[in-house]
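Working through the structure, step by step
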Amino acid sequence: MEKGEINPRYEVSCEAGMFCISGTELTTGDAVSVGRISKDKKFAEELAALLNDKKVSVHHAKDVIRDMLLDFLER
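Residues numbered from 1 in each chain as written. Predicted model: local features only at pLDDT ≥ 70, side-chain atom pairs only at ≥ 80, totals over all residues. Heavy atoms only, no water.

A word on the pairing of strand β3 (residues 31–38)
For clarity, the threshold we go by: Should DSSP find at least two bridges between two strands, the strands are regarded as paired. A run of DSSP states H or I qualifies as a helix once it reaches four residues; a run of E qualifies as a strand once it reaches two. Both are numbered from the N-terminal end.
Here strand β2 (residues 18–25) pairs with β3 via five bridges, running antiparallel. Its bridge partner lying in β3, Phe-19 is registered against Ser-38.

In structure tokens, the structure reads:
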């Protein structure tokens, strides 16, 4: 990893039948949690995988998830 590069990791969890995404920036320890994304585990896992693949900052994760959900709903 190069200096200044971010290293976020996102994972899916389940709370009361709804899947959530939480992420941690491994270099700084900063964290984010986005609850009640979906009842569909596969959908939540796909969102988390996209966040991991694109190395989305934990500071921007909520905005990116919101934009992806809105894009999906507008189709």
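On we go from here.
A few points about the packing of helix α1 (residues 41–53) against helix α2 (residues 61–74)
How we decide: The angle between two axes is taken between their N-to-C directions and runs from 0 to 180 degrees, where each axis is a line fitted to C-alpha atoms and a helix contributes only its stretch in contact. Angular relationships are summarised with four words: roughly parallel below 35 degrees, roughly antiparallel beyond 145, roughly perpendicular across 65 to 115, and oblique for the angles in between. Rotating anticlockwise by less than a right angle from the far helix to the near helix defines a left-handed crossing, while the corresponding clockwise rotation defines a right-handed one. Contact criterion: two residues are considered in contact whenever any of their non-hydrogen atoms come within 4.5 Å of each other. Polarity classes work like this: nonpolar for Ala, Val, Leu, Ile, Met, Phe, Trp, Tyr, Cys and Pro, charged for Asp, Glu, Lys and Arg, and polar for all others, with Gly in that last group.
Put simply, α1 and α2 touch, their axes get as near as 11 Å, and they point 130° apart. As far as their axial angle goes, α2 and α1 are oblique. Between α1 and α2 lies a crossing whose hand is right-handed. When α1 is examined against α2, the residues Phe-43, Leu-47, Leu-50 and Leu-51 are found in contact with a partner set consisting of Val-64, Ile-65, Met-68 and Leu-69. In the contact of α1 with α2, the residues fall into eight nonpolar, no polar and no charged.

Topic: the nonpolar core
Selection rule: Throughout, nonpolar core names a set of buried Ala, Val, Leu, Ile, Met, Phe, Trp, Tyr and Cys residues whose side chains join them through atoms within 4.5 Å. Remark: exposure states derive from per-residue accessible area (1.4 Å probe, protein chains only) relative to the maximum for the residue type, with buried under 20%, exposed over 50%, and partly exposed in between.
Residues Tyr-10, Ile-21, Val-32, Ile-37, Leu-51 and Ile-65 are the most contacted members of the largest nonpolar core, which totals 13 residues. Of all the elements in the fold, those that place two or more residues in this core are β3, α1 and α2. Those residues in contact with Ile-65 that lie beyond four places of it in its chain are Ile-21, Val-34, Ile-37 and Leu-51.

Describing the pairing of β2
Within β2, six of the eight residues are buried, which leaves the element mostly enclosed by the surrounding structure. Across eight bridges, strand β1 (residues 8–15) lies against β2 in antiparallel orientation. Pairing of Pro-8 across the sheet is with Glu-25, part of β2. Remark: two residues form the turn of the hairpin made by β1 and β2, two consecutive strands paired antiparallel; Ala-16 in that turn has positive phi of roughly 55°. Connecting β2 to the next strand, β3, in antiparallel fashion are five residues, including Gly-29 with a positive phi near 85°.

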